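A closer look at the structure
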Amino acid sequence: MLQHFDPNKDYGTPASLSEKLVTLEIDGVEISVPEGTSVMRAAALADINIPKLCATDNLESFGSCRICAVQIEGRRGTPASCTTPAEAGMKVTTQNEKLAKLRRNIMELYISDHPLDCLTCPANGDCELQDMAGAVGLREVRYGFDGENHLDAPKDTSNPYFTFDASKCIVCSRCVRACSEVQGTFALTIDGRGFDSKVAAGQDEDFLDSECVSCGACVQACPTATLMENSVIEMGQPEHSVVTTCAYCGVGCSFKADMKGDQVVRMTPYKGGEANHGHSCVKGRFAFGYATHKDRIRAPMIRDSIDQPWKEVSWEEAIGFAARRLKEIQAEHGRESIGGITSSRCTNEETYLVQKLIRAGFGNNNTDTCARVCHSPTGYGLKQTLGESAGTQTFDSVMQSDCVLVIGANPTDAHPVFGSLMRRRLREGASLIVADPRHIDLLDTPHLNDSMHLPLRPGTNVALVNALAHVVVTEGLEDKEFIAKRCEGDAYSKWRDFISDERHSPEHMEAVTGVAAADIRQAARTYATAGNAAIYYGLGVTEHSQGSTMVMGIANLALATGNIGREGVGVNPLRGQNNVQGSCDMGSFPHELPGYQHVADPVARGRFEAVWGVEIDHEPGLRIPNMFDAAIAGQFRAMYVQGEDIAQSDPNTQHVEQALRALDCLIVQDIFLNETAKFAHVLLPGSTFLEKNGTFTNAERRINRVRKVMPPIAGKEDWEVTVELSNALGYPMDYSHPSEIMDEIASLTPSFKNVSYEKLEQEGSLQWPCNDEHPVGSPIMHVENFPIGDGKAHFAITEFVATTERSSRRYPLLLTTGRILSQYNVGAQTRRTDNQAWHDEDILEVHPYDAEERGIKDGDWLGISSRAGHTVLRALVSERMQPGVVYTTFHHPHSGANVITTDNSDWATNCPEYKVTAVQVEKVTQPSEWQKNFHDNHERQQSFLKEAAAAAAEAQ
Amino acid sequence: MSQSEMDRLVQMINQIAINNISAGDENAVAEMIAGHVQKFWSRRMKQMLGEYVEQGGEELHPAAKLAAQKLSAQAA
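Per an unreviewed UniProt entry, chain B goes by Formate dehydrogenase subunit delta and derives from Marinobacterium mangrovicola.

In the nomenclature of an unreviewed UniProt entry, chain A is known as Formate dehydrogenase alpha subunit of Marinobacterium mangrovicola.

Below, the structure written as structure tokens:
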């Protein structure tokens, strides 16, 4: 990979971003470095490695261990090279007898209070203390080992993923500083003084009970075995590493899969990863055990009816069975009676192949993806206004922001690594505005400067964004030059007239949003006058009946203030799953071919027809909710679902289950028997991200390589299964490696024209558009023009229309849903890891006012009813929401959170309105009927699986 | 054609109408709706809408009804 530094080397202190160079001499070697670079880093850049213990290059220099002492001509003493900036003309000596003696003396003191169990220590072979003892030539410890020491300090094994062994701690503070500087949680501290100094979590609690979020930054920073992954303690040091991309969330962190043969020992965040720069969260860092979990589906299975046990069969028989059923159904019910769903968890190449199979093999456009239920309004709204269905920035751009406006997103839980970067910028002084019905953790960022919370009522986003824009326009805060130069004039004039109307004023909207007019005015002024203001938004924007309108309202606000087209600004959708951006890019939607090219466009369609060798239908196909309706109506009969769990994730569960039961053939390709697979007739084993090659595209349009580190557990990568199904259906596909699929994508998708595996190897990653105009990609979009109309952005009219889902006498509360840090989406992966230690059930958060009115206490069982259904969850009384609003997550299938969400959806895209459901809550004593039925069906389907395994074992 | 499926389509197109009511006069709103349906709805959904408006389209918002009529005219 092309790197400006060696990501596998530790340069001791962070890089300086100064453009001014200073030239100095270190051990007689002349070197020029950016001003502000430490002597330690300057030396390391010249391959002169000064011993160090408390220094590491993702933390600011600290100067506590003193082992990096050097001598500088003309200066007294032996300054620490980590805290001494390089200066022009400086002459530095890093090795001489005096320094060697000094370092040996320091090391001798460290080792006098350190267990001498190197041969049985888990860090053996990866211990900086051991390395430095070797580097300084330590041969004896004159003080002996009988004095007062810490050798009996107890271990903290409370965290399921790592052990804190205080007896090995050298109190270098690297863990404390990593928790503060990198993660931004400040959970760790040095307790006590002098010899009594020790690392403490929280208020001297166990790690698990403290505020520690288990991101692993402390473990990564520790130079000894004090903080050590349990997997390394159990398995020993890895023997090789492969750089790959995390399969959790849209941040797309790069990791080194540290391996022993084909076993993953640990996942280490990769410093060369442009999205994460060596940081991680509890999911990506530790929650990979699901890949080898006993629940993995290891053989293909078929059955004629969902009330029958499964039968384990060969791949050939399963594929043949699936193809035969699809052909029979099409012969009887027509070409449009079948379809499929692509996955935001699978690779770009796999997603591309599934939609290709549907369009070319099935002969219709009945393809959709889970982005339908999360970010489809982003695609629509940004395309209408900015011309491209994607966020405009890099993650790093936030470090140039003066104001960060977060709407309907919870970055520290759902996009934790980016949340940490955002917190770093907030600590540096950027203003924070959060528009969310719930008090999110970002508002509790330590050392936050200027912040405000706009706790709007669920369902009133558009009223709020219109009020913000009204203030911008009526108070003369617009960027008139930007608008005149970069925006389409007529649309702007119409929008200006529309938004200036008094009905959009904060005072008028106060009764609708529940947010004080003065606060809205202050927020608008802060955003418009900050300098660089950036908007980050999540599913709290999109999952509404006006999701698309809100996305357009956000774009309007950014355009009106000129906050588009440079570092530090922009409109940034925080994508939920790892490859939501990619699955949308790859033509998963029923109306769009890859690269957002409409199926009705004869030129684009013609290009695909020429390469694919078939005629493509020029009419859009069915969206997921329309597939369900058509299935219940008997018009839609079969579905191929790769890597999605629509039975758990989609709203109005009972309606979804009715639709799935109505299908004549449901083919599910997944790593587990998920909720959807319980309704399936064909179950094809899927492969995890560790078992295949491909690419993911993160929320900043960054295409990253996914590299296979172990063989697929059932023998096939997901793309190979799609190829075989296609061939069995009579539409030939012939690929020997995903790189060939990417070559085909690049040949047909203008924004991917210059993307190839070879180029990805060279550059590390690429942000699309990557074409002749932008040969190595486009970090920031819309710098010069917009890919819409005549290159000018389009203001959209955003009338506020209240949702029909309103509180009433029968359903007086509003339910809104969200995510939690330790679990991921439907939980299929994280529930099969030790992340269960943090969140093993979904709970309902109720405001104390509403709780008191109903006599609810923490831990009570609560029945939650909506017009769609009824479920039961445990209560947590919480002031995070306003009175009248309740909140839950949907990570556990038996919770039935989506039994109560309705089929209300966004007007433009049918993205469900998960964020607003009118409910009643009351104390109950038993599970709901749906939960009882769920339990029974779960037991039955699990027994079908066991019977299949037993029969297969007997046959062998 | 199932009643619930048709109900959903009526709800969808009426929602499109209400959310674009500020696009201009009824004709302009209808043009917008027709364009949206043409671009995003499946062949069968459009056919169902056509049949519904032919039978009177009673539950349709006026602008949605006009849009459905425009789409039917285009298809003819």
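**Considerations on the interface of chain A and chain B**
Facing the 35 residues of chain A at the interface are 22 residues of chain B. It is Glu 619, Asp 629 and Trp 907 of chain A in chain A that bury the most area against chain B; as a group they hold 24% of the surface buried on that side. Counting every contact that joins chain A to chain B gives five salt bridges. Of the charged contacts, one joins Asp 617 of chain A and Arg 43 of chain B as a salt bridge, the two residues approaching to 2.6 Å between their closest N and O atoms. If you look at where chain A meets chain B, you find nine residue pairs in polar contact (both at pLDDT 80 or more). Going through the elements one at a time, helix 10 (376–385) and helix 22 (624–632) of chain A are the ones with two or more residues in the side of chain A that touches chain B. Across the side of chain A that touches chain B, the residue classes tally to eleven nonpolar, 14 polar and ten charged.

**What to know about the sheet that holds strand 27 (residues 694–697) of chain A**
Residues and elements named next belong to chain A. Strand order in the open sheet made by the three strands is 27-28-29, with antiparallel pairing throughout. Each of the sheet's edge strands pairs with one partner strand only, and the pair in question is strand 27 and strand 29 (765–767). Across this sheet, the average inter-strand angle for adjacent strands is 30 degrees, counted without regard to direction. The sheet contact formed by strand 27 and strand 28 (residues 702–706) spans four bridges and is antiparallel. Residue pairing for strand 28: Thr 697 is matched across the bridge by Ile 703. Across the sheet, helix 9 (residues 348–362) touches strand 27 and strand 28, and the angle it forms with strand 27 is around 95 degrees.

**Brief notes about the domain arrangement of chain A**
All names here are of chain A. Annotation of chain A at the domain level lists domain 1 (141–292), domain 2 (304–367 + 579–750), domain 3 (376–571) and domain 4 (813–925). On a C-alpha basis, the centres of domain 3 and domain 4 stand 27 Å from each other. The interface of domain 3 with domain 4 comprises 27 residues on the first partner and 21 residues on the second. Interface area for domain 3 against domain 4, summed over the two sides, is near 2,000 Å², with a carbon-plus-sulfur share of 56%.

**Looking at the sheet that holds strand 4 (residues 91–93) of chain A**
Strands sit in the order 2-1-4-3 (chain A) across an open sheet of four strands; the sheet is mixed. Taken across any chain shown, the strands that pair with only one partner, and hence form the sheet edges, are strand 2 (29–34) and strand 3 (71–72) of chain A.

**Here's the deal with the layout of surface pockets**
Residues and elements named next belong to chain A. Its boundaries defined by the atoms lining it, the second largest pocket holds a volume of some 1,100 Å³. Counting residues per element, the ones that place at least two in the lining of the second largest pocket are helix 1 (39–45), helix 3 (128–136), helix 5 (217–221), strand 9 (227–229), strand 10 (240–245), strand 11 (254–260) and strand 12 (263–269). Considered class by class, the residues forming the lining of the second largest pocket number 17 nonpolar, twelve polar and 14 charged.

Criteria and thresholds
- Residues numbered from 1 in each chain as written.
- Chains lettered and ligands numbered in written order.
- Predicted model: local features only at pLDDT ≥ 70, side-chain atom pairs only at ≥ 80, totals over all residues.
- Heavy atoms only, no water.
- Contact = heavy atoms within 4.5 Å.
- Buried area = accessible area lost by both parts, 1.4 Å probe.
- Salt bridge = Lys/Arg side-chain N within 4 Å of Asp/Glu carboxyl O.
- Polar contact = N/O pair within 3.5 Å; in protein donor to acceptor, adjacent residues only side chain to side chain.
- Helix = DSSP H or I, 4+ residues; strand = E, 2+ residues; numbered from the N terminus.
- Nonpolar A, V, L, I, M, F, W, Y, C, P; charged D, E, K, R; others polar.
- Pairing = 2+ DSSP bridges.
- Axes fitted to C-alpha atoms, helices over the stretch in contact; angles between N-to-C directions.
- Domains from an automatic or database assignment.
- 1 Å grid on protein atoms, 1.4 Å probe; cavity = no way out; pocket = protein on both sides within 12 Å on 5 of 7 lines; lining within 4 Å.
- Points joined across faces, edges and corners; volume = space filled by probe spheres on them.

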